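The residues making up each chain are set out below.
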Amino acid sequence: MTIILFCSENIVAMSCQMTSWRLLLWSASTVVTIKMILSASNSSPCASLRQEDILDTRENYSEYSGTNRTCEPFLEDVYNDPTVVTVFKTLAFLLIISVSLLCNSLVIIVARISQRMQNSTNHFIINMAFSDLLMTMVCMPPAVHSVIVGPARMDFHGALGIVVCKLITFLQGVSVAVSVLTLLAISLDRFLAIVFPFAHFVNLKVSHIIIGVIWFVSMAITSPLLYSVTLYDSDGETECTEEWGPLFSDHAYNDYSLVVFFCLYVFPLTGIAVLYAMIAWQLWRRKPQHIYEQSTRKENKAVISMLVAVVVGFCLCWLPFQIRFVFPWIYQRDYSGSLRFAGLFLGYSNSAVNPVILIIFSKNYRQGIKNIFLCCPSPTMRVTPTVMLS
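Residues numbered from 1 in each chain as written. Predicted model: local features only at pLDDT ≥ 70, side-chain atom pairs only at ≥ 80, totals over all residues. Heavy atoms only, no water.

### Here we look at the overall build of the protein
Working step 1: Secondary structure assignment for the protein yields 13 helices and two strands.
Working step 2: Here the protein holds 390 residues, and the buried ones make up 47% of them.
Working step 3: Considering only intrachain contacts with a sequence separation of at least 6, the fraction spanning at least 24 residues in the protein is 81%.
Working step 4: Taken as a whole, the protein presents about 19,500 Å² of accessible surface, with 69% of it coming from carbon and sulfur. (Helix = DSSP H or I, 4+ residues; strand = E, 2+ residues; numbered from the N terminus. Buried < 20%, exposed > 50% of the residue type's maximum accessible area, 1.4 Å probe, protein only. Contact = heavy atoms within 4.5 Å. Areas by Shrake-Rupley, 256 points an atom, 1.4 Å probe, with all protein chains shown as cover.)

### Some remarks on the packing of helix 4 (residues 83-113) against helix 6 (residues 140-149)
Working step 1: Where helix 4 contacts helix 6, the axes come no closer than 9 Å and their chain directions differ by 170°. Considered as vectors, helix 4 and helix 6 are oriented roughly antiparallel to each other. Listed contacts from helix 6 to Thr86, Lys89, Thr90, Phe93, Ile96 and Ile97 of helix 4 are Met140, Ala143, Val144, Val147 and Ile148.
Working step 2: By residue class, the composition of the contact of helix 4 with helix 6 is eight nonpolar, two polar and one charged. (Axes fitted to C-alpha atoms, helices over the stretch in contact; angles between N-to-C directions. Parallel < 35°, antiparallel > 145°, perpendicular 65-115°, else oblique. Nonpolar A, V, L, I, M, F, W, Y, C, P; charged D, E, K, R; others polar.)

### Points about the pattern of salt bridges
Working step 1: For the structure shown, the criterion picks out one salt bridge.
Working step 2: Asp189 serves as the salt-bridge partner of Arg190, at 3.4 Å between the closest nitrogen and oxygen. Assigned by exposure class, Arg190 and Asp189 land together as buried. (Salt bridge = Lys/Arg side-chain N within 4 Å of Asp/Glu carboxyl O.)

### What to know about the environment of Leu134
Working step 1: Assignment of secondary structure puts Leu134 in helix 5 (residues 120-138).
Working step 2: Assessed through its relative accessible area of 16%, Leu134 is described here as buried.
Working step 3: Beyond its immediate chain neighbours, meaning those up to four positions away, Leu134 contacts Cys139, Leu171, Ser175 and Trp215.

### Observations regarding the packing of helix 4 against helix 5
Working step 1: At a closest axis distance of 9 Å, the pairing of helix 4 and helix 5 adopts a crossing angle of 155°. In terms of orientation, helix 4 lies roughly antiparallel with respect to helix 5. In the crossing of helix 4 with helix 5, the sense of the turn from one axis to the other is left-handed. Contact residues: Ile97, Ser100, Leu101, Asn104, Ser105, Val107, Ile108, Ala111 and Arg112 in helix 4; Ile125, Ile126, Ala129, Phe130, Asp132, Leu133, Thr136 and Met137 in helix 5.
Working step 2: Its residues placed into classes, the contact of helix 4 with helix 5 shows eleven nonpolar, four polar and two charged. (Left-handed = near helix turned anticlockwise from the far one by under 90°.)

### Here's the deal with helix 7 (residues 158-195)
Working step 1: Over its 38 residues, helix 7 runs 56 Å from end to end, which matches the ideal 56 Å to within 8%, given 1.5 Å per residue.
Working step 2: Counting buried positions along helix 7 gives 27 out of 38 residues, so the element sits mostly inside the fold. (Expected span 1.5 Å × (residues − 1).)

### Considering the packing of aromatic side chains
Working step 1: Counted under the stated rule, the structure contains 14 aromatic pairs.
Working step 2: Pairing Phe341 with Phe345 gives two aromatic rings, centres 5.6 Å apart and planes at 15°, and the pair type is stacked. Within this pair, Phe341 and its partner Phe345 are both found in helix 12 (residues 338-361), separated by four residues, close to a single helical turn.
Working step 3: The class for Phe345 is buried, based on a relative accessible area of 18%. (Phe/Tyr/Trp six-rings, centres within 6.5 Å; stacked < 30°, edge-to-face > 60°.)

### Observations regarding unusual backbone geometry
Working step 1: Note the cis peptide between Gly245 and Pro246, where omega equals 0°.
Working step 2: Summarising the element assignment, Pro246 is placed in the loop between strand 2 (237-242) and helix 10 (252-285).

### Some thoughts on helix 10
Working step 1: Its 34 residues give helix 10 an end-to-end C-alpha distance of 48 Å, which sits within 8% of 50 Å, the value for a rise of 1.5 Å per residue.
Working step 2: Taken as a whole, helix 10 carries its principal kink of about 35° at Phe262. (Bend = angle between axes of the 7 residues up to and from the residue.)

### Considering the confidence of the model for the protein
Working step 1: When the pLDDT values of the protein are averaged, the result is 75; 67% of them are 70 or greater.
Working step 2: Across the protein, the secondary-structure element scoring lowest on mean pLDDT is helix 3 (residues 51-60), at 40, and the one scoring highest is helix 8 (residues 204-222), at 95.
Working step 3: Throughout residues 1-67 the model reports pLDDT below 50, and contacts reaching past four residues in sequence, or to other chains, amount to 69 contacts.
Working step 4: Taken as a whole, residues 378-388 scores under 50 in pLDDT and shows 27 contacts with residues more than four places along the chain or in a different chain. (pLDDT = per-residue confidence, 0-100.)

### A closer look at the side chain of Thr136
Working step 1: Note on placement: Thr136 falls in helix 5.
Working step 2: By relative accessible area, Thr136 is classed as buried at 2%.
Working step 3: Discounting residues that sit within four places of it in the chain, Thr136 has contacts with Ile97, Ser100, Leu101, Pro141 and Ser351.

### Focus: the nonpolar core
Working step 1: One finds Phe93, Tyr276, Phe314 and Tyr348 to be the most contacted residues of the largest nonpolar core, which totals 87 residues.
Working step 2: The greatest single-element share of this core, amounting to 16 residues, is contributed by helix 7. (Core = buried A, V, L, I, M, F, W, Y, C linked by side-chain atoms within 4.5 Å.)

### Looking at a nonpolar patch on the surface
Working step 1: Judged by side-chain polarity, Ile209, Val213, Phe216 and Val217 come together as a nonpolar surface patch covering roughly 380 Å² of accessible area.
Working step 2: Take Ile209: it is sitting in helix 8. (Patch = residues over 30% accessible without salt bridge, like charges linked within 9 Å, V, L, I, M, F, W, Y side chains within 5 Å.)

### A short note on the side chain of Asn350
Working step 1: Relative to the helices and strands, Asn350 is located in helix 12.
Working step 2: Asn350 has contacts with Gly313, Phe314, Cys317 and Trp318, leaving out every residue within four places of it along the chain.

Have a look at this one:
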C-alpha cells in the first residue's frame, strides 16, 4: 500500500509539470487505442456465428452459467453484440476505470498529505479507496477484454492459468468484502465518536488494527474460492469456473453463495443502517448549548450524510449482482447477457462512485485536490482542528 501511495504522489507531481505536447501525445494514443478496440470488435470470432448456433451453445452452457463469481465471463458463453454496442460497453468500462484510478488515487493522496485529516475515519476511507483500486486494476481489465473479443477466455493455460484464474477471482471477492466491512467499521467509529465524544475508543493505532482484521476476515471468507475456482477446458479453450467437488456436495456453490450474501451484504448493511439510525437520533435530539457545539453538530451531520450516501451507493451498485446468486432463475433466460452485464457493470462502477461521492460531499477533499492540481499546498491542510471530513 505504501508503494502505491508513493507512486500515486509522484504521478500527481509529474502531472503538474506536463507540457502541451505531452497532452497532444496522450490524445493521439487515446485515438489509436479506440481504433484498436474497433478493429478487435470487428474481428471478434463470434461475429460470424449463426443465431441458432449461439442459442444452442448457450443452452449447452446452462449448467455452467451460474458457476462463475465476480471476475468471470459475465455474459453468456457466446457474444453477438453489434459493433456499436461493443464500443459503447467498452467506453463505459474505460470511463469507470479512468474515474476510479484518478479519484481513488486523489482521495488517498489528499488524506495522506493533509495533517487536518489524520484521523481514524479517514484511515478507513484510505483503506476503502485502496480496495477499490485493487478491484479496478485486477478485475476490470479482464472485463474489458471480454467485451472487446467476445467470450472471456483465459489466455493462460496449465498451472499458470489456474493460478491466474484463482487469484483474480479471490482478489475480487476480497476487494468487495474489504469495502463492506470498512463501511461497517466507519459506521461503528462514527457511532462511538458521536454518542461517546469524550471516550476516544478508536484512535489511529486501533484503526490500523481494525484494518488488519478487516483484511484477514475478508481473505478468510473468500478463501474457499482458492479451492473451487479452476479452469474449464472446452475444445482447446479455457475459462474460469467453479467446481466444488470432490470435497463438497453439488449444493456447495449455492450454500456458499448464500453465506457470502448474508455475511458480506445483508448483515453488514443491516448493522450499518442500525448504527446510522442511532447516530441520527442522537444528533437530532441533542440540543447544542454553545456556538462550538452548534458548529460541531453541523459538521457531524454533513459527514454522516456523506457516509450514508457512500453506503447507499454500495448497496444499490452491488444489489443486482447479489440477486443473481440468491435468485439465479432470474438470469436463466437471459440469452442476450444484458442482465449479467448490467449487474457486474454496476458492481464495478461502485469503485468509481465511492470517491466521487467523497469529493462531492467533502470540502476538505475538494480543496485538497484543487491544491494538488494547482501545485500549491494550502496552509489550511497543515492545521489540525477538530473537524474530520467536511
